[in-house]
Amino acid sequence: MQASRARLFKEYKEVQREKLADPDIQLACDDSNIFKWTALIKGPSETPYEGGVFQLAFAVPEQYPLQPPQVRFLTKIFHPNVHFKTGEICLDILKNAWSPAWTLQSVCRAIIALMAHPEPDSPLNCDSGNLLRSGDIRGFHSMARMYTRLAAMPKKG
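This one's a predicted model, so the numbers in the text were calculated from it and none came from an experiment. (Residues numbered from 1 in each chain as written. Predicted model: local features only at pLDDT ≥ 70, side-chain atom pairs only at ≥ 80, totals over all residues. Heavy atoms only, no water.)

**Q** What is the right way to read the sheet that holds strand 3 (residues 53–59) from this model?
**A** To summarise the sheet geometry, strands pair through backbone hydrogen bonds and adopt either a parallel or an antiparallel arrangement. Read from one edge to the other, the open sheet built from four strands follows the order 1-2-3-4, with strand pairing classed as antiparallel. In the strand order of this sheet, the two ends are held by strand 1 (25–29) and strand 4 (70–73), each with one partner. When strand polarity is set aside, the average angle formed by the axes of neighbouring strands in this sheet is 20°. Sheet analysis places strand 3 next to strand 4, joined by four bridges and oriented antiparallel. By the bridge assignment, phenylalanine 58 is partnered in strand 4 with valine 71. The sheet contacts of helix 1 (residues 2–18) involve strand 1 and strand 2 (36–42), and relative to strand 2 the element is tilted by about 35°. (Pairing = 2+ DSSP bridges. Helix = DSSP H or I, 4+ residues; strand = E, 2+ residues; numbered from the N terminus. Axes fitted to C-alpha atoms, helices over the stretch in contact; angles between N-to-C directions. Contact = heavy atoms within 4.5 Å.)

Structure, rendered in structure tokens:
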């Protein structure tokens, strides 16, 4: 556990130093628990998520970095690789392809890349995956854009 605390503290200092370097990601540690983090990530440009800000929750295991963090979307998102109700994310690096070289910041980067390049063949959201697999790109974009507007964009007025 000591090693994981040291690693997380190092990442925390890195995040503080790099705050302005990556404007698409705001990563923050819980004030009272270094094993709980949140992130705000910006939807990638030229996707239906553009203009949205999505909140992620990280639960970091005591065996980190030997084991991956559990990450989920707190903001509703219509995406084939995100469970619509729980926010669970299907991403290989959070499962069997994890490496201790990954950091919480690089996990955020990978999630942004997944938002831009969905994998409809391993869906957690079957409705979303089926739209893409059947070639209904317009239908997928329309639904994803609608949920981005409803859940991830600041309300006007």
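From this point, things continue past the structure.
**Q** When you look at the pattern of salt bridges in this model, what are you seeing that I'm missing?
**A** Side chains that differ in charge, positive against negative, can pair when their charged atoms come close. Counted under the stated rule, the structure contains five salt bridges. The salt bridge partner of aspartate 22 is arginine 109, with a shortest N-O separation of 2.8 Å. Placement of aspartate 22 in the loop between helix 1 and strand 1 and of arginine 109 in helix 2 (residues 104–116) is noted, with a sequence separation of 87 residues between them. A residue is classified by how much of its surface remains accessible, and aspartate 22, at 14% relative accessible area, is buried. With a relative accessible area of 33%, arginine 109 lands in the partly exposed category. Note that glutamate 88 is salt-bridged to lysine 95, the shortest N-O span being 4.0 Å. Residue lysine 95 is classed as partly exposed on the basis of its relative accessible area of 45%. Salt bridges sharing common partners tie together Asp22, Asp24 and Arg109. (Salt bridge = Lys/Arg side-chain N within 4 Å of Asp/Glu carboxyl O. Buried < 20%, exposed > 50% of the residue type's maximum accessible area, 1.4 Å probe, protein only.)

That is the geometry; function is a separate question.
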